[in-house]
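Per-entry structural report
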Amino acid sequence: MKLSFQKNDLLSTLQVVGKAVASKTTLSIMECILVDATEGQIRLTGNKNDFGIESICPGDILEPGKIALEARLFQEIIKRLPQTEGKNILLSTEENGNCTIQCEKSVFKIMGRNPEEFTSLPSVEKQEIVEISQLSLRNMINQTIFSTASGENNKKMTGEYFEIIDNQFSITALDGHRIAIRKTELSESYDNCSAIVPKEVLSELSKIISGGLEDKVEICFSKQYLQFSFEDTIVVTQLVEGEYFHVRQMLSSDYETKILLNRKQFLENIDRARILARDNDKQPLILKIEDQSLSLKIVSDIGRMDAEMPVQQEGKDLLIGFNPTYLMDALQNIEEEEVDLYFTISRSPVFIRDQEESYNYMILPVNFNAEAVG
């Protein structure tokens with residue numbers, strides 16, 4: 001095999017597929033990237049078995065062939081080669097399976113691996129193919145993924161729930177303390193389908209889909225896998241098994257108190273309060289809603305903060321406490337200048353949502369001693 005590349009093309013493709021390369025594994029072949037130039041295109045593939053990425057890399061095939069190369073070493077070499085005009089990186093294999101990488105007077109000889117040992121990406125039986133803009137998908141992932149769980153106690157909480165109903169696409173995440181939901185309307189209707197997608201995959205996916213509103217990504221649903229296809233890249237992931245939580249039963253449109261407030265001003269007050277909660281994530285931020293005003297208070301071992309801001313209030317007065325970080329996570333992922341918050345009683349969650357429910361954030365309250373905070 002003999003290939004030629006332009007440095008930036010090869011490096012950017014390596015950085016994409018490298019996100020699906022295992023860093024710690026007993027199978028050393030999973031630490032490799034497959035370079036395959038046997039079918040008229042140069043395909044680079046990384047595969048952790050439960051998550052894989054394949055991308056076409058621009059370059060010239062001087063002699064076809066394929067080889068598996070240790071990903072970290074391969075990427076570090078390319079990164080440090082000189083930047084030159086044209087396709088001046090030459091990659092060639094030898095009969096003994098080794099690989100030579102040459103750029104001008106810099107020459108590396110590294111060990112290659114048998115490409116037949118490399119596990120190909122699974123073939124996805126495409127039951128439903130949904131098209132959405134890259135920008136919309138990236139935004140929806142970033143605006144919900146913070147609500148997924150990090151532990152392994154409940155595997156379903158470590159994934160995000162994709163659901164298609166007619167022309168409505170929603171992504172839901174929850175961690176036992178909060179729920180984040182984002183919805184968008186698709187350009188056409190599809191058969192109803194759903195999947196629980198691992199957050200690790202979605203986190204990496206959001207970094208590599210860089211297109212705008214007009215650039216599309218195809219989401220292919222199947223029983224065991226989900227495939228994302230965009231431009232010259234394919235991302236395939238195993239799905240989290242099981243039935244997702246009945247989230248609709250956790251949501252409520254009833255409320256006894258509603259406030260409309262300036263999102264930026266509220267965020268700034270919460271951010272100040274978090275200074276005193278930095279050593280205790282469970283230190284509650286106390287909200288008091290009364291007479292068209294919202295008072296914020298936090299009391300910790302290192303001090304106390306009080307603040308007040310005007311709101312438009314409907315319904316009853318209320319005293320309630322929340323984890324300030326959870327409030328910030330939701331508010332930072334809303335674009336509107338003003339937001340509505342809906343409450344029932346001090347032991348019930350707050351809902352932050354718009355009229356169309358294109359976003360809906362639910363946060364459970366934190367118990368506190370009202371007398372202790374004065």
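To keep things clear, this report deals only with the structure shown in the data block.

Moving on, we come to the overall build of the chain. Each helix and strand counted, the chain has six helices and 24 strands in total. Projecting the C-alpha coordinates of the chain onto the three principal axes gives extents of approximately 80 × 50 × 40 Å. Within the chain, the fraction of its 374 residues that count as buried is 51%. The long-range fraction of contacts in the chain, counting pairs at least 24 apart against all pairs at least 6 apart in sequence, stands at 69%. For the chain, the accessible surface area stands at approximately 18600 Å², while carbon and sulfur atoms represent 43% of it.

Attention now goes to the pattern of salt bridges. Taken as a whole and judged by the stated rule, the model has 18 salt bridges. Here K109 and E94 are joined by a salt bridge, their closest N and O atoms 3.3 Å apart. Taken as a pair, K109 in strand β9 (residues 106-110) and E94 in the loop between β7 (89-93) and β8 (99-103) lie far apart in primary sequence, 15 residues in all.

On the surface, E214, D215, E231 and D232 cluster together into a negatively charged patch. Examined against the element boundaries, D215 turns out to sit in the loop between α4 (199-208) and β13 (216-221).

It is worth spelling out the packing of helix α3 (residues 134-142) against α4 at this point. Two elements in contact, α3 and α4, have axes separated by 9 Å at closest approach and are oriented at 135°. In terms of their interaxial angle, α3 and α4 are classed as oblique. Note that α3 runs across α4; the crossing there is left-handed. Every residue of α4 that contacts α3 at L137, R138, I141 and N142 is listed here: L202, L205 and S206. Residue composition of the contact of α3 with α4, by class: four nonpolar, two polar and one charged.

The next subject is the nonpolar core. Within the largest apolar cluster, 59 residues are counted, with the highest numbers of intra-cluster contacts made by I101, L137, F162, F169 and F228. Grouped together as the second largest cluster of nonpolar side chains are 37 residues, L261, L267, A273 and L341 included.

Okay, the pairing of strand β21 (residues 318-322) next. Counting buried positions over the five residues of β21 gives four, a clear majority of the element. Examined bridge by bridge, strand β17 (residues 285-290) and β21 share five bridges and lie antiparallel to one another. In the strand pairing of β21, L287 is matched with I320.

The strand order across the open sheet built from eight strands is β6-β2-β3-β4-β15-β14-β13-β10, with neighbouring strands paired in antiparallel fashion. The outermost strands of the open sheet, each flanked by one partner alone, are β6 (66-70) and β10 (128-133). Averaged over all pairs of adjacent strands, the angle between strand axes in this sheet comes to 20°, irrespective of strand direction. Strand direction decides the pairing type here: strand β3 (residues 42-47) and strand β4 (residues 51-57), joined by six bridges, are antiparallel. What sits directly across from L44, in β4, is S55. Seen against the sheet, helix α1 (residues 7-17) touches β2 (32-36), β3, β4 and β15 (233-238) and runs at an angle of roughly 165° to β4. Sheet strands in contact with helix α2 (residues 71-80) are β2 and β6, and its direction is about 90° off that of β6.

Turning to α3, a few remarks are in order. Within the span of α3, buried status applies to Q134, S136, L137, R138, M140 and I141. Packing partners of the buried residues in α3 comprise β10, β11 (159-174), β12 (178-198), α4, β13 and β14 (225-230).

Turning our eyes to something else, we now look at the packing of aromatic side chains. According to the stated counting rule, one finds eight aromatic pairs in the structure shown. Here F146 and Y361 contribute two aromatic rings whose centre-to-centre distance is 6.0 Å and whose plane-to-plane angle is 25°, an arrangement assigned as stacked. Here the residue F146 occupies a position in the loop between α3 and β11, and Y361 occupies one in strand β24 (residues 359-363), the gap between them amounting to 215 residues. Exposure class is identical for F146 and Y361. Each is buried. When the centroid spacing of 5.4 Å and the interplanar angle of 70° are considered together, the rings of F162 and F169 count as edge-to-face. Assigned by exposure class, F162 and F169 land together as buried. The aromatic ring of F245 is capped on one face by K156, whose charged end is 5.0 Å from the ring centroid. The lysine or arginine in question, R353, covers the ring of Y342, its NZ or CZ lying 4.1 Å from the ring centre.

With that out of the way, let us pick up the side chain of Q134. Along the polypeptide, Q134 turns up in helix α3. Side-chain polar atoms of Q134 contact the backbone oxygen of K216, separated by 3.4 Å. Residue contacts for Q134: discarding those within four places in its chain leaves I209, S210, G211, G212, D215, K216, V217, F230 and E231.

Cut-offs applied
- Each chain carries its own residue numbering, running from 1 in the direction its sequence is written.
- It should be noted that, the model being predicted, local features are given only for residues of pLDDT at least 70 and side-chain atom pairs only at 80 or more, the latter also being counted only at that level, while totals for whole chains, interfaces and linings use all residues.
- Note that the side-chain values use all heavy atoms of the structure and ignore hydrogens as well as water.
- Numbering of helices and strands starts at the N terminus; helices are DSSP runs of H or I of at least 4 residues and strands are runs of E of at least 2.
- Accessible area is worked out with a 1.4 Å probe on protein chains only. A residue is then buried under 20% of its type maximum, exposed over 50%, and partly exposed in between.
- Should any heavy atoms of two residues lie within 4.5 Å, those residues are considered in contact.
- Per-residue and other accessible areas were derived by the Shrake-Rupley procedure at a 1.4 Å probe size, with only the shown protein chains allowed to occlude residues.
- Counted as salt bridges are all cases of a side-chain nitrogen of Lys or Arg within 4 Å of a carboxyl oxygen of Asp or Glu.
- Within this analysis, patches are made of residues with over 30% relative accessible area and no salt bridge. Like charges are joined at 9 Å or less; nonpolar side chains (Val, Leu, Ile, Met, Phe, Trp, Tyr) at 5 Å or less.
- His is not counted, nor are the chain ends; Lys and Arg add positive charge and Asp and Glu add negative charge.
- In plain terms, the charge of a residue is placed at NZ if it is Lys, CZ if Arg, CG if Asp and CD if Glu.
- Interaxial angle, 0 to 180 degrees, is taken between N-to-C directions of lines fitted to C-alpha atoms, where a helix line uses only the stretch in contact.
- For classification purposes, an angle smaller than 35 degrees is called roughly parallel, one larger than 145 roughly antiparallel, one from 65 to 115 roughly perpendicular, and anything else oblique.
- Crossing handedness: left-handed means the near helix sits turned counterclockwise from the far one by under a right angle, and right-handed means the same turn made clockwise.
- Residue classes follow a fixed rule: Ala, Val, Leu, Ile, Met, Phe, Trp, Tyr, Cys and Pro count as nonpolar, while Asp, Glu, Lys and Arg count as charged, and any other residue, Gly among them, counts as polar.
- Think of a nonpolar core as a cluster: buried Ala, Val, Leu, Ile, Met, Phe, Trp, Tyr and Cys residues, connected wherever their side-chain atoms sit within 4.5 Å.
- A strand pair is defined by DSSP finding two or more bridges across the two strands.
- Centres within 6.5 Å are what make two rings of Phe, Tyr or Trp a pair, Trp counting through its six-membered ring; a difference in plane orientation under 30 degrees is then read as stacked, over 60 as edge-to-face, and the rest as tilted.
- Charge-over-ring contacts are defined here by two conditions on Lys NZ or Arg CZ: a distance within 6 Å of the ring centre and an angle within 35 degrees of the ring normal.
- Polar contacts here mean pairs of N or O atoms no more than 3.5 Å apart (in protein, one a potential hydrogen donor and the other a potential acceptor; neighbouring residues in sequence count only if both atoms are side-chain atoms).

Purely geometric stuff here, so don't read any function into it on its own.
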